[in-house]
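Structural characterization, general
Chain residues, written in single-letter form:
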Amino acid sequence: MTTLIESIVRRPNLRPLALRVLAVFTAVGLAALVGALVLIAVGKDPLDAYQGLYDGAFGTSAETKATLAQTTPLILAALSFVVAFRSGIFNAGGQGQVVIGAFAAAAVGSSSLGELPRPFAVALVVLAGAAGGALWSLPPVLFKVWWRTNEILTSLMLTYVAILLNDYLVQGPFRATSVQPGANAQTESLRDGARFPLVLPDSQVTFLLPVGLALAVLVWWAFRRTTLGYELRLHGSSPLAARSAGIGTTRVMILGMLFSGALAGMAGAAVVGGVFHAGITPFPPDIGFNGILAALLVGASPLLTPLAALFFGALAQGGLGLQIFNGVSQYIAMVLTATVILFIAPRSLPESWMKVRLRMKAIVGRGARNE
């Protein structure tokens, strides 16, 4: 067994992946240790609490299905960040693109287009979500290529604009006639033909789960085997090298951000088409941000992204079981999430974070020269 592991790790193509997986498991173990200390401090038995966390996520078939339903949009949101990050763009506004994608999907699915034959109606809902997310991702990258604006700040600020815009639209002109005005509102429900097909009975697990898995493989393949993927990857590694190779960096950045926004919008469509069957407010606030964390957890690896999404989906769903079965606040799951990120950052992402620091220094340097 030891010889087999050593042979795998020594293979050039698999060594980084194997080391990254090892770093993830190390970080999760250290986070579990810190979580145990927190539980002891509040007078709870860590073993019982972790058993409750597991039972809440995978204890029964119903809870396993709920975990998979939580995982589906997280896979798409995490892939959204991976595509942008590997293209040299830090898309911090995935949550805003998820929200706008969800509203666009709800608007199409609740309209007369939702009465089309089911395959066409479902496809239009997904495409509407992707289009909404892509359009919302466009301003930050345009500001970046036109005026060298920091895309981290602009995409993040647009997230709050998206949340407020969704609140206005769902509570105002698109509010369902059967819903009274108030803080919690929704649009008209999706037509029956526009609701996403289920892959597991008696669940909210839709066809977008296998689609997300397929997209993870497709993203990995595209970055390694296609011309556009090579251009995106080269720009992400070194914009100067990309320009020297004759690659249009403006085109590459715009395409990378559009693909990223489209995936985030699909995550919003997954929530609307599989869970709520309507546009809602307030919208779940953590899908886009947890997608970023899931991507960072595995070093922006497309192939490992579904596993990271499953981990965060299990923490979200298991936190409910932790509170029900053990009387421990579900927010302890958030403590575990934050601790995992703290431990994983210095182990599996030194190069990624170095790129971010260098880019931030370059931005600050340009600002100082302009002054």
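Everything that follows concerns the structure shown earlier in this document.
Residues numbered from 1 in each chain as written. Predicted model: local features only at pLDDT ≥ 70, side-chain atom pairs only at ≥ 80, totals over all residues. Heavy atoms only, no water.

Moving on to the overall build of the protein. A count of helical and extended segments in the protein gives 15 helices and 2 strands. Across the protein, contacts joining residues at least 24 apart in sequence account for 75% of those joining residues at least 6 apart. (Helix = DSSP H or I, 4+ residues; strand = E, 2+ residues; numbered from the N terminus. Contact = heavy atoms within 4.5 Å.)

Moving on, we come to a nonpolar patch on the surface. A grouping of Leu-113, Leu-116 and Phe-120 is seen on the molecular surface, where their side chains present a nonpolar patch of about 280 Å² in accessible area. Looking at the secondary structure, you find Leu-116 in the loop between helix 5 (94-109) and helix 6 (118-147). (Patch = residues over 30% accessible without salt bridge, like charges linked within 9 Å, V, L, I, M, F, W, Y side chains within 5 Å. Areas by Shrake-Rupley, 256 points an atom, 1.4 Å probe, with all protein chains shown as cover. Salt bridge = Lys/Arg side-chain N within 4 Å of Asp/Glu carboxyl O.)

Of all the positions in helix 9 (residues 227-237), only Gly-229, Glu-231, Leu-232, Leu-234, His-235 and Gly-236 are classed as buried. The opening residue of helix 9 is Thr-226, an N-cap whose side-chain oxygen sits 3.0 Å from the backbone nitrogen of Gly-229. (Buried < 20%, exposed > 50% of the residue type's maximum accessible area, 1.4 Å probe, protein only. Polar contact = N/O pair within 3.5 Å; in protein donor to acceptor, adjacent residues only side chain to side chain.)

Moving on, we get to the side chain of Ser-203. Among the structural elements, Ser-203 can be located in the loop between strand 1 (185-186) and helix 8 (208-225). At a separation of 2.6 Å, a polar atom in the side chain of Ser-203 contacts the main-chain carbonyl oxygen of Leu-200. Those residues in contact with Ser-203 that lie beyond four places of it in its chain are Lys-65 and Leu-198.

On to the pattern of salt bridges. Counted by the stated rule, this structure contains 3 salt bridges. Two residues, Arg-191 and Glu-115, come together in a salt bridge whose shortest N-O distance is 2.2 Å. Taken together, the positions of Arg-191 in the loop between strand 1 and helix 8 and Glu-115 in the loop between helix 5 and helix 6 put the pair 76 residues apart, joining distant regions of the chain. Arg-191 sits in the partly exposed class, given a relative accessible area of 28%. Classification of Glu-115 as exposed rests on a relative accessible area of 57%. Between Lys-144 and Glu-151 there is a salt bridge, with the nearest N and O atoms lying 3.1 Å from each other. You'll find Lys-144 and Glu-151 in the same group, each marked buried.

On to the nonpolar core, then. Among soluble globular proteins, nonpolar side chains are generally buried collectively. Of all hydrophobic cores here, the largest spans 66 residues; its most connected members are Leu-76, Phe-81, Phe-196, Leu-263, Met-266, Phe-283 and Ile-287. Per element, the largest residue contribution to this core is 11 residues, and it comes from helix 4 (residues 61-86). Leave out the neighbours within four places in its chain, and Phe-196 touches Arg-118, Val-122, Val-125, Val-126, Thr-206, Phe-207, Leu-208, Ala-269, Ala-270, Gly-273 and Gly-274. Judged by nonpolar contacts, the second largest core, of 9 residues, contains Leu-53, Leu-322, Ile-332 and Ala-333. (Core = buried A, V, L, I, M, F, W, Y, C linked by side-chain atoms within 4.5 Å.)

To continue, consider the packing of aromatic side chains. The tally for this structure, following the rule as stated, stands at 9 aromatic pairs. Chaining the aromatic ring pairs together yields one cluster made of Phe-81, Phe-85 and Phe-90. (Phe/Tyr/Trp six-rings, centres within 6.5 Å; stacked < 30°, edge-to-face > 60°.)

Between the first and last C-alpha of helix 6 there are 44 Å, a value that for 30 residues agrees with the 44 Å anticipated at 1.5 Å per step. Among the residues trailing helix 6, Arg-148 stands out with phi positive, at a value near 60°. (Expected span 1.5 Å × (residues − 1).)

Okay, the packing of helix 5 against helix 12 (residues 287-297) next. Relative orientation of the contacting elements helix 5 and helix 12 amounts to 135°, with a least axis distance of 7 Å. With respect to helix 12, the axis of helix 5 lies oblique. Every pair of crossing elements has a handedness; the one defined by helix 5 and helix 12 is right-handed. For the pair formed by helix 5 and helix 12, the contact residues are Gly-94, Gln-95 and Val-98 on the first element and Ile-287, Gly-288 and Phe-289 on the second. For the contact of helix 5 with helix 12, the residue count by class is 3 nonpolar, 3 polar and no charged. (Axes fitted to C-alpha atoms, helices over the stretch in contact; angles between N-to-C directions. Parallel < 35°, antiparallel > 145°, perpendicular 65-115°, else oblique. Left-handed = near helix turned anticlockwise from the far one by under 90°. Nonpolar A, V, L, I, M, F, W, Y, C, P; charged D, E, K, R; others polar.)

Bringing the packing of helix 4 against helix 11 (residues 249-276) into the picture now. Axes are the key here: two packed helices are described by the angle between their axes and the distance separating the axes. Where helix 4 meets helix 11, the axes come as close as 8 Å, and the angle between the chain directions of the two elements is 170°. When the axes of helix 4 and helix 11 are compared, the pair comes out roughly antiparallel. Residues Thr-72, Pro-73, Leu-76, Ala-77, Leu-79, Ser-80, Phe-81, Val-83 and Ala-84 of helix 4 pack against Gly-256, Phe-259, Ser-260, Gly-261, Leu-263, Ala-264, Met-266, Ala-267, Ala-270 and Val-271 of helix 11. Looking at the contact of helix 4 with helix 11 residue by residue, the classes come out as 14 nonpolar, 5 polar and no charged.

Attention now goes to the environment of Thr-226. Assignment of secondary structure puts Thr-226 in the loop between helix 8 and helix 9. Judged by its relative accessible area of 24%, Thr-226 falls in the partly exposed class. Here the side chain of Thr-226 touches Ala-222 through a polar contact of 2.5 Å, landing on its backbone oxygen. In this structure the side chain of Thr-226 is engaged in a polar contact, spanning 3.0 Å, whose partner is the backbone nitrogen of Gly-229.

For the rest of this paragraph, the subject is unusual backbone geometry. Residue Pro-282 is bonded to the preceding Thr-281 through a cis peptide linkage, with omega at -5°. Here Pro-282 lies in the loop between strand 2 (280-281) and helix 12. In this model, Asp-202 sits at a positive phi of 55°, which is unusual for a non-glycine residue. Within the secondary structure, Asp-202 sits in the loop between strand 1 and helix 8. Asp-202 gets classed as exposed once you look at its relative accessible area, which sits at 75%. Look at His-277: it is not a glycine, yet its phi comes out positive at around 60°. Within the secondary structure, His-277 is located in the loop between helix 11 and strand 2.

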